[in-house]
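# Examining the three-dimensional arrangement
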Amino acid sequence: METSEATFITPVVPMDFTYNYRIGPYMTRYLEGFKERKILGSRCPACGRIAVPPRKYCGVCNKVMEEMVELPQEGTLENFTVGHVILEKGQLKAADAPYVLGLIRLDEKASLLLHRVEGVDPSRVEKGMKVKAVWKEDVEGDYGDLDHFEPA
Ligand SMILES: [Zn+2]
């Protein structure tokens with residue numbers, strides 16, 4: 001039997017549940033930093049690279065990175081994509097408006113941080129733009145505390 005994309009049935013399986021998981025000591029430090037509006041990374045003792053968010057092992061040297069460092073609130077938009085769909089309860093749907101997801105470098109030795117960039121028309125975003133962190137008014141040590149980045 002010949003198959004094509006058109007022959008596949010795509011059942012919808014509605015799922016709505018709370019997923020609890022342990023984020024480990026490094027991500028815990030990262031989110032604790034959010035309570036003070038700090039962006040933390042871990043620095044490799046061998047090569048000096050900084051992982052943002054922090055992680056235990058350097059991806060290049062495989063050394064344990066115990067030193068936590070605070071990153072600046074401003075950085076450079078190294079690359080980006082413009083999104084037109086969002087994932088909602090497991091289903092793709094059209095976004096209300098195009099949005100920008102950026103790869104942001106907060107320090108020349110730091111890894112890229114993926115985050116939403118707002119305050120700029122998606123058609124006018126450019127690589128190399130300076131962007132700054134925008135925090136929620138009330139921070140509580142959650143991923144959403146660092147709300148977005150915007151042009152600096
Ligand atoms: Zn290293």
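Structure first, text after, so check above.
Our subject in this report is the structure included herewith. (Residues numbered from 1 in each chain as written. Predicted model: local features only at pLDDT ≥ 70, side-chain atom pairs only at ≥ 80, totals over all residues.)

With that settled, consider the overall build of the protein. Along the protein, the regular secondary structure elements total 1 helix and 8 strands. When the helices and strands of the protein are read in sequence order from the N terminus, they spell out α-β-β-β-β-β-β-β-β. In terms of C-alpha radius of gyration, the protein reaches 19 Å, well past the compact-globule figure of 15 Å for 152 residues. In terms of overall dimensions, the protein has C-alpha extents of about 60 × 35 × 35 Å along its principal axes. Across the protein, every contact between residues at least 6 apart in sequence was considered, and the portion connecting residues at least 24 apart equals 50%. (Helix = DSSP H or I, 4+ residues; strand = E, 2+ residues; numbered from the N terminus. Rg over C-alpha atoms; globule rule 2.2 N^0.38 Å. Contact = placed C-beta atoms within 7 Å.)

Once that is clear, we can look at the sheet that holds strand β2 (residues 50-51). In spatial order, the strands read β2-β1-β3; together these 3 strands make up an open sheet with antiparallel pairing. Each edge of the open sheet is held by one strand with a lone partner, namely β2 and β3 (67-71). Pairing of strand β1 (residues 39-43) with β3, which is carried by 5 bridges, proceeds in the antiparallel orientation. Each residue of the ladder has a partner; that of Ser42, found in β3, is Met68. Helix-sheet contacts for helix α1 (residues 24-34) involve β1 and β3, and the interaxial angle to β1 is about 145 degrees. (Pairing = 2+ DSSP bridges. Axes fitted to C-alpha atoms, helices over the stretch in contact; angles between N-to-C directions.)

Counting 24 residues, the largest nonpolar core has Ile39, Val52, Leu77, Ile104, Leu106, Val117 and Val131 as the members making the most contacts within it. Beyond its immediate chain neighbours, meaning those up to four positions away, Leu106 contacts Ile39, Val52, Leu71, Pro72, Gly75 and Leu113. (Core = buried A, V, L, I, M, F, W, Y, C linked by C-beta atoms within 7 Å. Buried ≥ 20, exposed ≤ 12 C-beta atoms within 10 Å, placed from the backbone.)

A word on α1. Residues of α1 that are buried include every one of Tyr30, Gly33 and Phe34, and no others. Taken down its axis, α1 places every buried residue within 115 degrees of arc, on the same side. When the buried face of α1 is taken as reference, the exposed residues oriented beyond 90 degrees from it are Gly24 and Pro25. Buried residues belonging to α1 abut β1 and β8 (146-151). (Arc of directions from axis to C-beta.)

For the bond running from Val52 to Pro53, omega is -5 degrees, close enough to zero to count as cis. Here Pro53 shows up in the loop between β2 and β3. Backbone geometry at Arg37 places phi at a positive 55 degrees, although glycine is not the residue there. Here Arg37 lies in the loop between α1 and β1. According to the C-beta neighbour criterion, Arg37 is partly exposed, with 13 such atoms within 10 Å.

Of all 5 residues in β1, 5 are buried; the element is thus mostly enclosed. Of the two faces of β1, both are covered, the one formed by Ile39, Gly41 and Arg43 as well as the one formed by Leu40 and Ser42. With 2 bridges connecting them, β1 and β2 associate as antiparallel partners. Bridge pairing in β2 places Arg43 opposite Ile50. Where β1 folds back on β2, the antiparallel hairpin that results is connected by 6 residues, among which Gly48 adopts a positive phi of roughly 85 degrees.

Moving on, we get to the environment of Gln91. Mapped onto the secondary structure, Gln91 falls in strand β5 (residues 91-105). On the basis of neighbour count, Gln91 is assigned to the exposed category, with 10 C-beta atoms found within 10 Å.

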